[in-house]
Amino acid sequence: MLQNKFGSEMFSFLPQTFNIPEEWDKLRNTMEGGKEAWIAKPIASSCGDGITVVTSPEHIKLGRSILSVQKYISNPFLINGLKFDLRLYVLLTSIDPLKIYLYEDGIVRFATKQYSLNEEDIQDTFIHLTNYSINKRNEDFEFNETPDKLFGHKWSLNMLWNHFEREGINWFPIWEEIKDIVVKTILSGHLPMKTAFEAEVNSDYNCYKLFGFDVLLDESLKPWLLEVNNFPTLNHKSLDRHVNEVMIAEMFNILGFHITEPINDKKKAAIIDNTGLDSFVDFDPQMYMRKKSNEQLDKEEDWAKGKPGLFDEDKLTPLDVRILIRAEEELEQTHNFSRLLPCADGQKYLDCC
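Right, let's walk through the structure included here. Worth saying up front: this structure is predicted, and the values here are computed from it rather than measured.

### Re the packing of aromatic side chains
- Under the criterion given, the structure shown has 13 aromatic pairs.
- Here the aromatic rings of Phe77 and Phe164 are separated by 5.6 Å at their centres, their planes lie at 75°, and the arrangement is edge-to-face. Here the residue Phe77 occupies a position in the loop between strand E4 (67-71) and strand E5 (84-95), and Phe164 occupies one in helix H5 (residues 157-166), the gap between them amounting to 87 residues.
- Take Phe77: its relative accessible area is 16%, and that puts it in the buried class.
- Look at Tyr208 and Phe252: their rings are 6.4 Å apart centre to centre, the planes differ by 80°, and that puts the pair in the edge-to-face class. Of the two residues, Tyr208 sits in the loop between helix H7 (190-200) and strand E8 (209-217) while Phe252 sits in helix H8 (residues 238-255), which places them 44 residues apart along the sequence.
- Assessed through its relative accessible area of 35%, Phe252 is described here as partly exposed.
- By the ring-pair criterion, three or more aromatic residues cluster together here, those being Phe77, Phe84, Phe110, Trp155, Trp161, Phe164, Trp171 and Trp175.
- One Lys or Arg, Lys154, reaches over the ring of Tyr132 and ends 3.7 Å from the middle of that ring.

Shown next, in the form of structure tokens:
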């Protein structure tokens, strides 16, 4: 929808995609007469189950399942002749206002057979799919247990950047472009998330979401968004743990869970005793009120229109102050997470909200 509104130049990071069965006729008309490859993915599936690469609409198995059929990126950037993608972790700590964090490390997942688009290889999942759950079945799969060694079929993101530096590739512009993709993708789904949040959630605190973004680099090092995972797998193998355990610990530090209901004296005493506190700060329901005054709503509308000076110190509302305190508390806990939104140049994303 945002691509239609703002143009493909601003939202050029998603391959052409059709949702089946609703857009079956459009897909069939697009595919007919061509020889390009398309990848069909069952909705709400995981671990690569049911994914197929096809070159004709007749090869797509229609059934009760909803499919996402996406134009296949046929010119991926290869390392040692192998296709790979990036699993990145994106944390939302707030929907209103929107706060987005991106973890600075991730998992690089390799296919286990040399890349080929030959017709006889189009169905070989070890060539075209990078899912660990699929490639670990290949007898040639190499486990990498040492994060500082560039071998095997799974790396950390930092290992990939080290490889790029050795090859004379400047990876910083790639990472900046990925950050922009993350923000625009979250904004694309922000309205339904905000609607559900307002209907179902009573407090701004203790509500968060960790997404898994899958990104592929083509031969010109342009990043493409393949999909967003609602419940990203956090594998227990050692290389994954090298990334994930530290990430999870930092995530919980950023979230800073609050006690959001009254506590009786016995529980207060137990908390003081177990934590070594000298005293206990009582629950104050005013800290968790989400209802906005008309003044607050008018102020936010004026800010969205670009009016200056609305958040000067002498014009802050109690809600403004709570939002600022929480934002600073979160930011103080970041080490490997980077906050993408809000940001200094965040005004450029306002039209996308």
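Once the structure has been displayed, the description carries forward.
### A word on the side chain of His153
- Its location among the elements puts His153 in the loop between helix H4 (132-135) and strand E7 (154-156).
- Side-chain polar atoms of His153 contact the backbone nitrogen of Glu142, separated by 2.9 Å.
- With residues up to four places along the chain from it excluded, the contact list for His153 reads Leu82, Val108, Arg109, Phe110, Ala111, Thr112, Asp140, Phe141 and Glu142.

The rules we used
- Residues numbered from 1 in each chain as written.
- Predicted model: local features only at pLDDT ≥ 70, side-chain atom pairs only at ≥ 80, totals over all residues.
- Heavy atoms only, no water.
- Phe/Tyr/Trp six-rings, centres within 6.5 Å; stacked < 30°, edge-to-face > 60°.
- Helix = DSSP H or I, 4+ residues; strand = E, 2+ residues; numbered from the N terminus.
- Buried < 20%, exposed > 50% of the residue type's maximum accessible area, 1.4 Å probe, protein only.
- Lys NZ or Arg CZ within 6 Å of the ring centre and 35° of its normal.
- Polar contact = N/O pair within 3.5 Å; in protein donor to acceptor, adjacent residues only side chain to side chain.
- Contact = heavy atoms within 4.5 Å.

Purely geometric stuff here, so don't read any function into it on its own.
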